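# Descriptive analysis of the structure
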Amino acid sequence: MSQVRKIFTNREALQAAREWIDYSVSQKKFDHTICKNLTVEKAAHGWVLCRLPLEETATNVWGGMHGGFTSSLIDIIGSMAIRTAGHVSRFRTDPLTPTSPPAASGVSTDMHINFVKAAQSPSLLQVEGFCRRIGSTLAFSSVNIYQVTQSTPTQNTSESSPATLDKGRSLDEPIKLKSDEKMSLLAFGSHTKFLKVPIPPKL
């Protein structure tokens, strides 16, 4: 059994990310608490863009986004970016389904987080994950978390600007799904995973 890797089209990357979410929700484990409200908006090879509401249950005693919630987002979205980079697993080559175990993205070995700004509930969050590199045993990802607000709430937002991962775009420049949106960076981090782990057992 050898490790499998392929170049995903945008459609394949989006499907892989959404299947990851479907499986996480179906298992009702820890990831379920976050993934149940997560929407995968866009994806490409090694990149994923998601949105979710910041609910009161994810805040600290001051009403701001909890650091543990932030860490979990970086873990989950970083893992998803690795999946969209075509890492299938040395243990399986068949596609994901909501009822089958996911292609293993490994286990965490290192995580660094920078907390930039607090966000209060309710808020809309946008999270972008990037797979920086996949080696034979380790995969490296980075994640940016933004708060989304409307600069002019009364403006007609029916016309959306394109959301793509342009080659010339800085990774520090957030994508806007609608032209009147304003992005505020809340946190950013890096996530490293060890890849050569077995598939989780079926439950």
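Look above for the structure.
Turning our attention to the pairing of strand β6 (residues 181–194). Of the strand pairs in this sheet, strand β3 (residues 107–115) and β6 are connected by eight bridges, and their pairing is antiparallel. Each bridged residue has a counterpart across the sheet, and for His-112 the counterpart in β6 is Ser-190. Pairing of strand β5 (residues 138–150) with β6, which is carried by 13 bridges, proceeds in the antiparallel orientation. Its bridge partner being in β6, Ser-141 is matched across the sheet by His-191.

Let us now look at the side chain of Thr-84. Note on placement: Thr-84 falls in helix α3 (residues 67–84). Here Ala-81 takes part through its backbone oxygen, which lies 2.8 Å from a polar atom of the side chain of Thr-84. With sequence-adjacent residues up to four places away left out, Thr-84 is seen in contact with Phe-8, Ala-13, Ala-17, Ala-44, His-45, Gly-46 and Trp-47.

Along the chain, Ser-72 falls in helix α3. In this structure the C-alpha to C-alpha distance between Ser-72 and Ile-34, which are 38 residues apart in sequence, comes to 8.0 Å.

All right, on to the packing of helix α1 (residues 10–27) against α3 then. Taken N-terminus to C-terminus, the directions of α1 and α3 make an angle of 140°; their axes are 9 Å apart at the nearest point. Here α1 lies oblique to α3, going by the angle between them. Viewed along their axes, α1 and α3 form a crossing whose handedness is right-handed. Of the residues in α3, those in contact with Ala-13, Ala-16, Ala-17, Trp-20 and Ile-21 of α1 are Ile-76, Ser-79, Met-80, Arg-83 and Thr-84.

Core analysis: the biggest nonpolar cluster contains 38 residues, and Val-48, Phe-69, Ile-77, Met-80 and Ile-145 have the highest contact counts within it. Counting residues per element, the ones that place at least two in this core are α1, α2 (32–35), β1 (39–44), β2 (47–54), α3, β4 (123–134), β5 and β6. If one sorts the elements of this core by residue count, α3 sits on top with eight residues. Apart from residues lying up to four places away in sequence, Val-48 is in contact with Ala-17, Val-40, Lys-42, Ala-43, Ile-77, Met-80, Ala-81, Val-127, Glu-128 and Gly-129. Within the second largest apolar cluster, six residues are counted, among which are Trp-47, Leu-49, Phe-130 and Ile-175.

Among the eight residues in β2, seven count as buried, and that is most of the element. When β1 meets β2, the two strands line up antiparallel, connected through five bridges. Residue pairing in the sheet places Ala-44 in a bridge with Trp-47 of β2. Between β1 and the antiparallel strand that follows it, β2, lie two residues; Gly-46 among them carries a positive phi value of about 75°. Here eight bridges tie β2 to β4, and the two strands are oriented antiparallel to one another. Bridging from a neighbouring strand, Leu-52 pairs with Leu-125 of β4.

Conventions adopted
Counting restarts for each chain, with residues numbered from 1 along the sequence as it is written. Local features in this predicted model are restricted to residues whose pLDDT is 70 or higher, and side-chain atom pairs enter the listing and the counts only when it is 80 or higher, whereas totals over whole chains, interfaces and linings include all residues. Excluded from the side-chain calculation are hydrogens and water; included are all heavy atoms of the structure. In this description, strands pair whenever DSSP reports at least two bridges between them. Strands are runs of DSSP state E lasting at least 2 residues, helices are runs of H or I lasting at least 4, and numbering of each runs from the N terminus. Polar contact criterion, stated in full: a pair of N or O atoms within 3.5 Å, where within protein one must be able to donate a hydrogen and the other to accept it, and residues adjacent in sequence count only if both atoms are side-chain atoms. We call two residues in contact when some of their heavy atoms are within 4.5 Å. Axis definition: a line fitted to C-alpha atoms, over the contacting stretch in the case of helices. Angles run 0 to 180 degrees between N-to-C directions. Each angle receives one of four descriptions, namely roughly parallel if under 35 degrees, roughly antiparallel if over 145, roughly perpendicular if within 65 to 115, and oblique otherwise. By convention, the crossing between two helices is left-handed when the near helix turns anticlockwise from the far helix through less than a right angle, and right-handed when the turn is clockwise. Think of a nonpolar core as a cluster: buried Ala, Val, Leu, Ile, Met, Phe, Trp, Tyr and Cys residues, connected wherever their side-chain atoms sit within 4.5 Å. Only protein chains enter the area calculation, which uses a 1.4 Å probe; residues under 20% of their type maximum are buried, those over 50% are exposed, and those in between are partly exposed.

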